[in-house]
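Coordinate inspection notes
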Amino acid sequence: MRRRPVLAGLGTLLAGTLAGCSESRDPVTVETSIHLSDGDRRQTMVDGERDDLDAGQYVWWEFTTNSRLEATYDVRVTAGETVNVYVLTVAEREVFEDEESGFDAVEGSIQTETEGVERTITLDAGEYSLVVANADILPENA
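As a starting point, this report considers the structure included with it. It should be emphasised that the depicted structure is a prediction, and the values quoted were computed from it without experimental measurement.

Reading the values: the criteria
- Residues numbered from 1 in each chain as written.
- Predicted model: local features only at pLDDT ≥ 70, side-chain atom pairs only at ≥ 80, totals over all residues.
- Heavy atoms only, no water.
- Pairing = 2+ DSSP bridges.
- Helix = DSSP H or I, 4+ residues; strand = E, 2+ residues; numbered from the N terminus.
- Axes fitted to C-alpha atoms, helices over the stretch in contact; angles between N-to-C directions.
- Buried < 20%, exposed > 50% of the residue type's maximum accessible area, 1.4 Å probe, protein only.
- Core = buried A, V, L, I, M, F, W, Y, C linked by side-chain atoms within 4.5 Å.
- Contact = heavy atoms within 4.5 Å.

Now for the sheet that holds strand E2 (residues 28-37). Backbone hydrogen bonds are what pair the strands of a sheet, in a parallel or an antiparallel way. The strand order across the open sheet formed by 4 strands is E3-E2-E5-E8, and the pairing between neighbours is antiparallel. Whereas interior strands pair on both sides, the edge strands pair on one side only; in this sheet they are strand E3 (42-53) and strand E8 (116-123). This sheet shows a mean twist of 15° between the axes of neighbouring strands, independent of strand direction. Bridge count between E2 and E3: 9 bridges; the pairing is antiparallel. Across the sheet, residue Ile 34 finds its bridge partner in E3, namely Val 46.

Before going further, it helps to spend a moment on the pairing of strand E6 (residues 83-89). E6 sits mainly inside the fold: 6 of its 7 residues count as buried. Pairing geometry for E6 and strand E7 (residues 111-114), over 2 bridges, is antiparallel. By the bridge assignment, Val 83 is partnered in E7 with Thr 114. Examined bridge by bridge, E6 and strand E9 (residues 126-134) share 6 bridges and lie antiparallel to one another.

Within the largest apolar cluster, 24 residues are counted, with the highest numbers of intra-cluster contacts made by Val 30, Tyr 73, Val 75, Val 83, Val 85, Leu 130 and Val 132. Mapped onto this core, the elements with two or more residues apiece are E2, E3, strand E4 (57-65), strand E5 (69-79), E6, E8 and E9. The element that contributes the greatest number of residues to this core is E5, accounting for 5 residues. Setting aside chain neighbours within four positions, we find Val 85 in contact with Tyr 73, Val 75, Ser 109, Ile 110, Gln 111, Thr 114, Val 117, Leu 130, Val 131 and Val 132. Judged by nonpolar contacts, the second largest core, of 12 residues, contains Tyr 86, Ala 133, Ala 135 and Ile 137.

And the structure:
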């Protein structure tokens, strides 16, 4: 499990575009928990981790599963207004990192403009990232 806090908009053109989209956003503090369960066992990957995100910033947590399982995540804004939350496969996260557009999230994982979400989704074996964004960066399938 790795956590990667990332500033959105590293390129000049992209930064200008995102600044316009996220300009009205205020800083937020979020608290995140992630649990994985295969039916017999439950593993806590993240337990109440707090992150401060300025406008246009996002953070993600990477995790890998070798079999089909349920992932439960709980994201709460403890200060500020709203965030966007979704789960990406490794391939879609690479598009997200490179372009910050044109990517799809795992079906059923998307929650936009939320103060808090608790959701359980079923994932096949693979590599995934839970993304929490204080930016107007949304998947195509949102």
